[in-house]
Amino acid sequence: MNKILIVDDEPNNRILLQEILEDFEECGTRLLYAADGAEALDIIQKEKPDIVFLDIMLPEIGGFEVCHTIKHKPGMEKVFIVILTANSQEADKRKAAELKADMYITKPFKAKVIVDVVNEVLGTAIGK
């Protein structure tokens, strides 16, 4: 079963992504949610999601630290991490690349971008 983790401290952002990804959920993909970095790390280690949509500005442990931890943990480096944030500064984009994030998307974003990323990573053609 494919798994996608949505990590954002803003409930409205989690709901928006859930709505965008509902076709995947209906086809058997499991959607997981975390509101802070500590919860995200716990879920990632237990559930081993295929994709993580990760905000940078999080309580407890920030998104950059979550990314670094996962990408440097043996057996977890294949988790596809999408930094999904309102921060569009080049320094943040460079830092995400240095930490081995797989993609950087700024908010606001188009739903099609999210759907296309998930289809590409999971090898599906849902919602097209």
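One numbering rule holds for all chains: residues counted from 1, following each sequence as written. It should be noted that, the model being predicted, local features are given only for residues of pLDDT at least 70 and side-chain atom pairs only at 80 or more, the latter also being counted only at that level, while totals for whole chains, interfaces and linings use all residues. Side-chain figures throughout are based on the complete set of non-hydrogen atoms in the structure, without hydrogens or water.

### Notes on the packing of helix α3 (residues 37-47) against helix α4 (residues 63-71)
The condition that has to hold: Angles here are taken between N-to-C directions and fall from 0 to 180 degrees, while the axes themselves are lines fitted to C-alpha atoms, restricted in helices to the stretch in contact. Helix numbers and strand numbers start at the N terminus; a helix is a DSSP run of H or I with at least 4 residues, a strand a run of E with at least 2. Any angle that is under 35 degrees is reported as roughly parallel, and any over 145 degrees as roughly antiparallel; angles of 65 to 115 degrees are reported as roughly perpendicular and all others as oblique. Helix crossings fall into two classes, left-handed where the near helix is turned counterclockwise from the far one by less than a right angle and right-handed where it is turned clockwise. Contacts are residue-level and defined by heavy atoms, with any inter-residue pair within 4.5 Å sufficient.
At a closest axis distance of 9 Å, the pairing of α3 and α4 adopts a crossing angle of 20 degrees. Judged on the interaxial angle alone, α4 and α3 are roughly parallel. Note that α3 runs across α4; the crossing there is right-handed. Seen from α3, the contacting residues are Gly37, Ala40, Leu41 and Ile44; seen from α4, they are Val66, Thr69 and Ile70.

### Observations concerning the pairing of strand β1 (residues 3-7)
So the rule is basically this: Relative accessibility under 20% of the residue-type maximum defines a buried residue, over 50% an exposed one, and the middle range a partly exposed one, all with a 1.4 Å probe and only protein chains included. DSSP calls a pair of strands paired once it identifies at least 2 bridges connecting them.
Counting buried residues in β1 gives 5 out of 5 residues, a clear majority hidden from the surface. Two strands pair when backbone bridges link them, and β1 and strand β2 (residues 30-34) are joined in this way by 5 bridges, in the parallel orientation. Paired with Ile4 across the strands is Leu31, a residue of β2. Relative to strand β3 (residues 51-54), β1 runs parallel, the two being bridged by 4 bridges. Among the inter-strand pairings, Val7 is bridged to a residue of β3, identified as Leu54.

### Considering a negative patch on the surface
Here is the rule: Patches were defined on residues exceeding 30% relative accessible area and lacking a salt bridge, with like-charge contacts within 9 Å and nonpolar side-chain contacts (Val, Leu, Ile, Met, Phe, Trp, Tyr) within 5 Å. Surface exposure here means Shrake-Rupley accessible area, sampled with a 1.4 Å probe, where a residue is shielded only by the protein chains that are shown. Each reported salt bridge corresponds to a side-chain nitrogen of Lys or Arg within 4 Å of a carboxyl oxygen of Asp or Glu. Neither His nor the chain ends contribute to the count of charged residues, in which Lys and Arg are positive and Asp and Glu negative. Charge coordinates come from a single atom per side chain, which is NZ of Lys, CZ of Arg, CG of Asp or CD of Glu.
Together, Glu19, Glu22, Asp23, Glu25 and Glu26 make up a region of like negative charge exposed at the surface. It is helix α2 (residues 22-26) that contributes the most residues to the negative patch, 4 residues altogether. Topologically, Asp23 is positioned in helix α2.

### Some points on the pattern of salt bridges
Side chains carrying opposite charge are able to pair once their charged atoms draw close together. Tallied over the entire structure, the rule returns 8 salt bridges. Linking Asp116 and Lys112 is a salt bridge whose minimum nitrogen-to-oxygen distance equals 2.6 Å. One end of the pair is Asp116 and the other is Lys112, both in helix α6 (residues 111-122) and 4 residues apart, which spans about a single turn. Classification of Lys112 as exposed rests on a relative accessible area of 58%. Residues participating in the shared-partner salt-bridge network are Lys3, Arg30 and Glu47.

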